[in-house]
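Reading the structure
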Amino acid sequence: MPTEILMPALSPTMEEGTLAKWHVKEGDTVSSGDIMAEIETDKATMEFEAVDEGVVGKILVAEGTEAVKVNEVIAVLLEDGESADDIGTASAPAAASAAPADTAPAAAPAAAAAPAPAAPVKDGNRVFASPLARRIAADKGIDLAAVTGSGPHGRIVKADVEAAQPGAKPAAAATDAPKAAPAAATMAAGPSTEMVMKQYADRPYEEVSLDGMRKTIAARLTEAKQSVPHFYLRRDIQLDALLKFRSQLNKQLEPRGVKLSVNDFIIKACALALQQEPEANAVWAGDRTLKFEKSDVAVAVAIEGGLFTPVLKDAEMKSLSALSAEMKDLAGRARDRKLAPHEYVGGSFAISNLGMFGIDNFDAIINPPHAAILAVGAGAKKPIVGADGELTVGTVMSTTLSVDHRVIDGALGANLLNAIKDNLENPMTMLA
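Residues numbered from 1 in each chain as written. Predicted model: local features only at pLDDT ≥ 70, side-chain atom pairs only at ≥ 80, totals over all residues. Heavy atoms only, no water.

Points about the overall build of the protein
Looking only at helices and strands, the protein features 12 helices and 20 strands. Classification of the 432 residues of the protein by burial places 41% in the buried group. In the protein, once contacts between residues fewer than 6 apart in sequence are set aside, the share between residues at least 24 apart is 63%. Within the structure as shown, the protein displays about 22500 Å² of accessible surface, and the carbon and sulfur contribution to it stands at 53%. (Helix = DSSP H or I, 4+ residues; strand = E, 2+ residues; numbered from the N terminus. Buried < 20%, exposed > 50% of the residue type's maximum accessible area, 1.4 Å probe, protein only. Contact = heavy atoms within 4.5 Å. Areas by Shrake-Rupley, 256 points an atom, 1.4 Å probe, with all protein chains shown as cover.)

This is the structure in structure tokens:
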């Protein structure tokens, strides 16, 4: 029976993607692991590998097609002995869903003739498996929820099912599982599109469609602001000692081509503070918190049309020069949209620095499941009271720590921000 190739979920937040380029054409033979296409997700353009083998019988989604839903059929593979005439049965469900309403009754019998086995559910989440693996599991009476997948992103493929032992019947259909609210519903809060357009009907404007990244940012941050109980802590940090120390280090590092930024010190200070206040090094996990041993710090990087938050793992263990080099590499590849999902997923704490844009201070929105994010403003010359009680001028940077009250209480949040402040105002201690 022909095997359907589905639009994959190539990132944790992906709901739809753009089929940027096909690397195969109809009639080509593919094996597991072969690159079939390039798919633009909400974050990056990534290569899509085949998980089954066969001949490309038909390509159903053309290059450049936008807003292709995850799990929509994009191509069909033929096995030995099958011909293009067999494709009709495999692609009938997709064709029926795309057909006009007046032809739906006629198409329904064809779609019902060979229904695909229902997608199983494991711990409330859908188990991803190739169509061929689902059919074999149904024939052998194997519960896919109990099978570990070896395909891309843990997808269950033919070999996994053939190696499994027959057991209980497949799990209940995915339609019985709780359904997550679509991102569009989250973004729809407030006046409808029609209402807004009507208000500005007499004014010239350009209508700009949202790409996948902007849709994801809108949905996730709206949800975060509505569902995460934020509170905010603010401290001014004196940078004079840090700036002097940084200048000395950069002179010594110049022969190696290393130039440390203030942001590199901020990353290190936050990573060490999470070790100094380990109860704050945690994330919210629905009905519990997860507390970490290592400091994995995410840093917001602005790109055209959105942002990435690449994660520097084990940041407390790395030298300032190592953090600087890694951050430059991650930021450069983020701007080119070349980051892999594992490079921007995770972490327990984030930093958003708008000081380079001249912003004095601001409040950042927590990116779940993180427990906190530090908003960093610009360093500016301000009058301060010196240690001897006399008025002097110093470089002061304003910071705001946004905190998830479910994970971090007020006193713990204050201790965390104080630890960050102490690290930055005494930079030499970060090298000890």
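A word on the environment of Met356
Relative to the helices and strands, Met356 is located in the loop between strand S18 (349–353) and strand S19 (372–385). On a C-alpha basis, the gap between Met356 and Asn263 in space is 9.8 Å, while along the polypeptide they are 93 residues apart.

With respect to the packing of aromatic side chains
Two numbers describe a pair of aromatic rings. These are the distance of the centres and the angle of the planes. In total, this model carries two aromatic pairs according to the counting rule given. Taking 6.3 Å as the distance between ring centres and 70° as the angle between the ring planes, the aromatic pair formed by Phe245 and Phe265 counts as edge-to-face. Here Phe245, found in helix H8 (residues 240–253), pairs with Phe265, found in helix H9 (residues 262–276); they are 20 residues apart in sequence, far enough to count as distant. (Phe/Tyr/Trp six-rings, centres within 6.5 Å; stacked < 30°, edge-to-face > 60°.)

Notes on the pairing of S18
Here S18 lies mainly inside the structure; five of its five residues are buried. Of the two faces of S18, the one carrying Phe349, Ile351 and Asn353 and the one carrying Ala350 and Ser352 are both buried. Relative to S18, strand S14 (residues 297–299) runs parallel, the two being bridged by three bridges. Opposite Val297, over in S18, you have Phe349 as the bridge partner. Across five bridges, S18 lies against S19 in parallel orientation. Considered in S19, the bridge of Ile351 is made with Leu374. (Pairing = 2+ DSSP bridges.)

Some details on the environment of Ser352
Here Ser352 lies in strand S18. The class for Ser352 is buried, based on a relative accessible area of 13%. Remark: the alpha-carbon pair of Ser352 and Thr400, spanning 48 residues in sequence, is separated by 10.0 Å. Apart from residues no more than four positions distant in its own chain, Ser352 is found in contact with Ala300, Phe362, Ile373, Leu374, Ala375 and Val376.

Quick look at unusual backbone geometry
A cis amide bond links Pro368 to the next residue, Pro369, at an omega of 10°. Its place among the elements puts Pro369 in the loop between S18 and S19. The phi torsion at Asp314 lies on the positive side, around 55°, for a residue other than glycine. Of note, Arg337 is a non-glycine position whose phi angle comes to about 55°, a positive value. Assignment of secondary structure puts Arg337 in the loop between helix H10 (320–335) and helix H11 (341–344). By relative accessible area, Arg337 is classed as buried at 19%.

Topic: the packing of H9 against H10
Across the interface, H9 lies against H10 with an axial gap of 9 Å and an inter-helix angle of 115°. Taken together, the axis directions place H9 and H10 in an arrangement best described as roughly perpendicular. In the packing of H9 onto H10, the handedness of the crossing is right-handed. The segment H9 lies against H10, with Asp264, Phe265, Ile267 and Lys268 engaging Leu320, Leu323, Ser324 and Met327. Split by residue class, the contact of H9 with H10 holds five nonpolar, one polar and two charged. (Axes fitted to C-alpha atoms, helices over the stretch in contact; angles between N-to-C directions. Parallel < 35°, antiparallel > 145°, perpendicular 65-115°, else oblique. Left-handed = near helix turned anticlockwise from the far one by under 90°. Nonpolar A, V, L, I, M, F, W, Y, C, P; charged D, E, K, R; others polar.)

Points about the side chain of Asn250
In this fold, Asn250 is placed in helix H8. When its relative accessible area of 13% is taken as the criterion, Asn250 is described as buried.

Remember that the coordinates give geometry; whether it matters functionally is a separate question.
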